[in-house]
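Given next are the chains, with one letter for each unit.
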Amino acid sequence: MVRDMSIFFRRRRRQKEQDDKEQKKQPSSKGNAEKDKDKNKDDEKANKHAEEWEKELSKSTDYQKKDYINRKTGKKFIFTFIPTLVEEKVLDNNALPPLLEEEFLKIIDVKKLLPIADVEVSSDTKKIAQKLLDGYVLLTLEEDTREFAFFSAKKTVVRSVTSPEIEFSVIGPKEAFVESIGDNLNMVRTRLPVKELIIEEYTVGKLSRTKVAVIYIDGITNKEIINTVKQRIDDIVKDEIADSSYFTQLIADNGNSPFPQLLDSERPDRVASSLAEGKVAIIVDGSPHALIGPTSLTEFFNAFEDYFLNWILATFIRMIRLFAVVFSIMITPLYVAVVTHHYELIPKDLLVTLVASRRVVPFPPVLEALFLEVTIELLREAGARLPTKVGQTIGIVGGIVIGTASVEAGLTSNVLLIFIALSALASFTTPVYQMSNTIRLLRFPFLFMAEIWGILGMTIAFSFLIAHLLRLTSLGLPYMEPVFPLRLHDFKDALFRLPFSSQSKRPTFLRTGDSSRFSKDKAKKKKDIDE
Amino acid sequence: MKVTRILLTLLMCCLLLVGCNPRYERKVIDDINIATGMGIDKSGDQLKGSIMIPVFKADKSMENFLFTAKGTIMRDVAAQMQQKASQPIFSGSMDVALFEEVVAREGIVQVLDVFLRDPSVGARVHLAVVDGKAQEIFEGNYGDRGNAQYLKDLIEHNMEGGNLPLTNLHSFLFNFYQQGKDPYLPYLKQESPELVNITGIAIFKDEKVIDILHENKMFYFKLLVDKFSMGQVKVKEEHGEATVKSITSDTNMKLTKRKPYEITVQIKLKGLLTEHEGTRLEKNEVKDIEKELEKQINKTCLKLLEDFQKQKVDPIGVGHFVKTKTRNFNFEKWQTDYQDVTFKVSTNVRILEVGVVE
């Protein structure tokens, strides 16, 4: 599957140029140059280069050159490759038998002979070093070194496709992306087997040479969005890319915002359905998370499972989630604000409970709240850094022991403990991990403002938050859509999820090439016989 | 860009200056005394104020504590109380304010001025006039939810489901400042150290109490002043006594004649029979009860209206009503005109249900 990957890609001219530039910097030449009998000037130059790239590569112990002799013609041929990158089975089972047994004279014949799809005949010596590093095997004949062949025998260490862990769903597909870009693209292609699905490949990073695929549906996705993505990827100057989350940060519209501006997903079904909506997906080699853009704030609170449920249930769950977000950010600051500044707002019956639990606490409400918030953050961080089994113990120790003990010791009030625990619980309902981290953080500015000016302070903090969100864009499109700019049509799949029959139009803010997903009239007809 | 930066700095300054407002001093709930009730009594020439605060105990029970002080004006009284308190007293959570009848007969607006100037005091504070001393009412012990909560609940549930018309600081001030309408407040009496009773309605002329309406007229009074009544009334007819609980009521005034003014008050009442003397309802007895009740309401309401007329008070807001119907209305002339108004009351009672027992 990985071997066939390059078939998927449409290389662009610019990319090639870039490749060429890179190759120029690296010394490269033909293999076996010392045995070359032709003595023209080019070859002399090549010989020098050849020695250079060979010198470089042979510094590593995993560089191999092997001679073989064809049994029929007695011709000598040489394999040059890097064994740590090459699948030996391919050499043993596919490449060697025909080359040893069958008759061949020229290098061109090899192409027909080898039962391998990715075979390339070339005379471009500059390519060699990079090809070897990409897991190709260089095949040269002893007498004619001007032309040579590459065939792909890349060994990839891949884990098998597992069920999604972060975006787990009870019902629905159970496959998640893996680290191999080929497998990931295969999963997306399988879900959208149309010729309009375009995959464009880029290589980013001077050292990591990470393959990046930009996926969109031609004719649906807005050209401007595609161009924005391409341009931003071209502009990346980082030397090493480890994961797609690097991309989220590198191509974000506002790098100084705590809000993620690209949606990451480990679900091929979610990527496919976003593509069908007219969005662009970015898949990065070595990362089990695809990126989807442009996105909006509401999308971060939609789990893909919402689509597997009846629309009434899905809408209800979305509402719960939205409430949980507001609750999670606001409840601790609200407690601090009310207890510190606005005693009038407390119902009389609650006053007894609040005062009785506050009475023993020696700290002002804000310190008490900070103490617990920091404890919760510590627990989360400790849980995340420790192995799973130890992590569970931490949860119990933290949740039960520290919580109860701090109340008994009179360091915190038990009312606040309930609020903090609830808000931590509520913050876990956010389906996208990146966003739930943001929500964790947002609580703190609100807390400080609540301490200083009470609810007025919270209002000020909220104004700043809203102002920031309104300015934010995702790939140039407004982040707060459909709330601002107001697009009533797009509410059908933002705060609510209306039934599929009313989802006949693609989101308006994406300005898709084809706004209609299906005919609405047909969707409403039901062809029951007994009616 | 430069302009935006300057504007932003200015905005930030404004925000920071808000912090200089002393209203944003910290009022942590366990470090303050939350006043829930205030009472004003007369003591010699001076006013005697008492402020009730709840004292919360570690076992989540509460007790009431009373600060008292004497003075001539309310602010002075309040300042004296602060001197006695270990923690500052805040009045933002006030539930009830009680006035001794003697104080109320001399006028209460000077006292209410304290409330008006303090934005933290809500408009839903319940005011009431007390038969006896306000301090005595606060000194009673009415259950474990606190005295203020008891008094508040007492007044509120009688407004919602009883014969007490809706009153609070807001409606009192509205009636007070509205020309051609006079305020009224509930009239409370401490029956025992554990019980307070609503014994009537204090009728104000401007800011002074001039009359106390007896509790058996409260139902009719509520019919006249309130749009909605849930009260209960007793009817006597030939088969015996019956009680009717009203579900809805609607009162309309109509100006039927000018010079001299004639005003027809139309009352529509829908109710249900809650009690009846005698086991069975005879045929047409419901009709009889309806008619009897209509007669009774007509008679009592007319009496009420004429009494108010004699006392030159207008809690129903007849003056206000006539003003809405008259161009270039002259209130000074109305003072004399009011005395010549003839009232007519016509009532329509419908009993919708008689209960499950036939």
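Because the structure is a prediction, the values reported are computed rather than measured.

Draft legend 1. Expanded view of the overall build of chain A. Broken down by element type, chain A carries 17 helices and 12 strands. For chain A, with 531 residues in total, the buried portion stands at 49%. Restricting the contact set of chain A to residue pairs at least 6 apart, pairs at least 24 apart contribute 66%. With an accessible surface of roughly 26400 Å², chain A has 58% of that area assigned to carbon and sulfur atoms.

Draft legend 2. Molecular detail of the UniProt feature "domain: Spore germination protein N-terminal" (unreviewed entry) in chain B. UniProt feature "domain: Spore germination protein N-terminal" (unreviewed entry): in the numbering of this structure it lies at residues 26-189 of chain B. Helix makes up 34% of residues 26-189 of chain B and strand 30%, and the two end C-alpha atoms of the span are 38 Å apart.

Draft legend 3. Structural context of the packing of helix H13 (residues 365-385) of chain A against helix H16 (residues 433-471) of chain A. Residue and element names in this part refer to chain A. Running from N to C, H13 and H16 cross one another at 165°; their axes reach a closest spacing of 11 Å. Compared by their axis directions, H13 and H16 come out roughly antiparallel. In this structure, H13 meets H16 at a crossing whose hand is left-handed. Contact residues: Val366, Ala369, Leu370, Glu373, Glu377, Arg380 and Glu381 in H13; Ser436, Arg440, Arg443, Phe444, Leu447, Phe448 and Glu451 in H16. For the contact of H13 with H16, the class distribution of residues is six nonpolar, one polar and seven charged.

Draft legend 4. Here's a closer look at the interface of chain A and chain B. Counting residues at the interface gives 23 residues for chain A, matched by 29 residues for chain B. A per-residue breakdown of the area chain A buries against chain B is headed by Tyr343, Lys348 and Trp453 of chain A, which together make up 29% of the total. For the interface between chain A and chain B, the tally reads three salt bridges. Looking at the side of chain A that touches chain B, the elements that each hand over two or more residues are helix H11 (311-340), helix H12 (348-359) and H16 of chain A. If one sorts the elements of the side of chain A that touches chain B by residue count, H12 of chain A sits on top with 10 residues. Of the residues in the side of chain A that touches chain B, the class split is 14 nonpolar, three polar and six charged.

Draft legend 5. Just the pairing of strand S1 (residues 64-69) of chain A, in detail. Residue and element names in this part refer to chain A. Bridge analysis of S1 against strand S2 (residues 76-81) gives six bridges, and the strand direction is antiparallel. Paired with Gln64 across the strands is Phe81, a residue of S2. Connecting S1 to the next strand, S2, in antiparallel fashion are six residues, including Gly74 with a positive phi near 75°.

Draft legend 6. View of the domain arrangement of chain B. Residue and element names in this part refer to chain B. Split into domains, chain B comes out as domain 1 (25-224) and domain 2 (227-358). Computed from C-alpha atoms alone, the centre-to-centre distance between domain 1 and domain 2 is 30 Å. Each side of the interface is counted separately: domain 1 has 23 residues, and domain 2 has 32 residues. Both sides of the domain 1 and domain 2 interface together cover about 2400 Å² of buried area, and 66% of this is carbon and sulfur. On the domain 1 side of the contact with domain 2, Tyr220, Leu223 and Leu224 bury the most area, a combined 32% of that side's loss. For the pair domain 1 and domain 2, the number of links is zero salt bridges. Linking domain 1 with domain 2 are eight residue pairs in polar contact (both at pLDDT 80 or more). Elements supplying a minimum of two residues to the side of domain 1 that touches domain 2: helix H6 (147-161), strand S9 (195-205), strand S10 (208-214) and helix H8 (218-225).

Draft legend 7. Expanded view of the pairing of strand S11 (residues 232-237) of chain B. Residue and element names in this part refer to chain B. Burial along S11 is one-sided: Val233, Val235 and Glu237 are buried, while Gln232, Lys234 and Lys236, pointing the other way, are not. Pairing of S11 with strand S12 (residues 240-257), which is carried by six bridges, proceeds in the antiparallel orientation. Looking at S12, one finds that Gln232 is bridged to Lys245. Connecting the antiparallel pair S11 and S12 is a turn made up of two residues.

Draft legend 8. Structural context of the environment of Leu447 of chain A. Note on placement: Leu447 of chain A falls in helix H16. Distance in space between the C-alpha atoms of Leu447 of chain A and Val366 of chain A is 7.3 Å, their sequence separation being 81 residues.

Draft legend 9. Just empty space enclosed by the protein, in detail. One pass over the full model with this rule turns up three cavities of 30 Å³ or more. Computed from the structure, the largest cavity encloses a volume of approximately 290 Å³. Lining the largest cavity are 23 residues, with Glu277, Lys279, Glu299, Asp493 and Pro507 of chain A sitting closest to its centre. Taken together, the residues that form the lining of the largest cavity break down as seven nonpolar, six polar and 10 charged. There are two domains that each give the lining of the largest cavity at least three residues, and those are domain 2 (181-295) and domain 4 (488-523) of chain A. Residue assignment for the lining of the second largest cavity shows that the elements contributing at least two residues are H12 of chain A together with strand S3 (46-56), strand S4 (62-71) and H6 of chain B. Class assignment for the residues of the lining of the second largest cavity results in six nonpolar, five polar and three charged.

Draft legend 10. Quick look at the side chain of Ser257 of chain A. All names here are of chain A. Tracing the backbone through its elements, the reader meets Ser257 in the loop between helix H9 (244-250) and strand S8 (263-265). In this structure the side chain of Ser257 is engaged in a polar contact, spanning 3.0 Å, whose partner is the backbone nitrogen of Phe259. Every residue in contact with Ser257, bar those within four places of it in the chain, is listed here: His468 and Leu472.

Draft legend 11. Just the packing of aromatic side chains, in detail. Following the criterion strictly, the structure yields 25 aromatic pairs over all chains and no others. Taken together, a centroid distance of 4.7 Å and an interplanar angle of 15° make the contact between Tyr142 of chain B and Tyr150 of chain B stacked. Here a set of aromatic residues connected by ring pairs shows up, and it is made of Tyr68, Phe77, Phe79, Phe104 and Phe151 of chain A. Positioned over the ring face of Phe150 of chain A is Lys131 of chain A, at 5.9 Å from the centre of the ring.

Draft legend 12. Highlighting the packing of helix H7 (residues 181-191) of chain A against helix H10 (residues 268-277) of chain A. Residues and elements named next belong to chain A. It is the contact of H7 with H10, at a shortest axis distance of 9 Å, that shows an interaxial angle of 55°. The angle between H7 and H10 falls in the class oblique. Between H7 and H10 lies a crossing whose hand is right-handed. Taken together, the residues of H10 that come into contact with H7 (itself represented by Met187, Val188 and Arg191) are Pro268, Asp269, Val271, Ala272 and Leu275. Here the contact of H7 with H10 is composed, by residue class, of six nonpolar, no polar and two charged.

Draft legend 13. Structural detail: the environment of Asn252 of chain B. Residues and elements named next belong to chain B. Tracing the backbone through its elements, the reader meets Asn252 in strand S12. Sequence-wise, Asn252 and Val265 are 13 residues apart; in three dimensions their C-alpha atoms are separated by 5.7 Å. Filtering out sequence-adjacent residues up to four positions away, Asn252 remains in contact with Thr264, Val265 and Gln266.

Procedures and definitions
Starting from 1, residues in each chain are numbered consecutively following that chain's sequence as written. Chain letters start at A and ligand numbers start at 1, both assigned in the order the entries are written. Local features in this predicted model are restricted to residues whose pLDDT is 70 or higher, and side-chain atom pairs enter the listing and the counts only when it is 80 or higher, whereas totals over whole chains, interfaces and linings include all residues. As a rule here, side-chain values cover all heavy atoms of the structure and leave hydrogens and water aside. Runs of E in the DSSP output that reach at least two residues are strands. Runs of H or I that reach at least four are helices, and both are numbered from the N terminus. When a residue's accessible area, from a 1.4 Å probe over protein chains only, is under 20% of the maximum for its type it is buried; when over 50% it is exposed; and in between it is partly exposed. Contact criterion: two residues are considered in contact whenever any of their non-hydrogen atoms come within 4.5 Å of each other. Methods summary: accessible areas were calculated by the Shrake-Rupley approach with a probe of 1.4 Å, and residue burial reflects only the protein chains presented. UniProt positions are given in the numbering used here, feature names are shortened, and annotations may be inferred rather than shown by experiment. Geometry is summarised by axes, namely lines fitted to C-alpha atoms with helices restricted to the contacting stretch, and by angles between N-to-C directions that run from 0 to 180 degrees. Throughout, the term roughly parallel applies to angles under 35 degrees, roughly antiparallel to angles over 145, roughly perpendicular to angles from 65 to 115, and oblique to all others. For any pair of crossing helices, the crossing counts as left-handed if the nearer helix is rotated counterclockwise from the farther one by less than a right angle, and right-handed if it is rotated clockwise. Classes in brief: Ala, Val, Leu, Ile, Met, Phe, Trp, Tyr, Cys and Pro nonpolar; Asp, Glu, Lys and Arg charged; the others, Gly included, polar. Buried area: the sum, over both parts, of the accessible surface (1.4 Å probe) that disappears when the two are put together. The salt bridge definition used is simple: a Lys or Arg side-chain nitrogen within 4 Å of an Asp or Glu carboxyl oxygen. At least two bridges found by DSSP between two strands are what make those strands a pair. As annotated, the domain borders come from an automatic or database domain assignment. Between N or O atoms, a polar contact is any pair within 3.5 Å; within protein, one atom must be a potential hydrogen donor and the other a potential acceptor, and residues adjacent in sequence are included only when both atoms are from side chains. Cavities and pockets are found on a 1 Å grid laid over the protein atoms alone: a cavity is a set of points where a 1.4 Å probe fits but cannot escape, a pocket is an open set with protein on both sides within 12 Å along at least five of seven lines, and a lining residue has an atom within 4 Å of such a point. Grid points are joined across faces, edges and corners, and a volume is the space filled by probe spheres set on the points. Two rings from Phe, Tyr or Trp (for Trp, the six-membered ring) form a pair when their centres sit within 6.5 Å of each other. Planes less than 30 degrees apart are called stacked, planes more than 60 degrees apart edge-to-face, and all others tilted. Comment: the charge-over-ring label is applied if NZ (Lys) or CZ (Arg) is within 6 Å of the ring centre and within 35 degrees of the ring normal.

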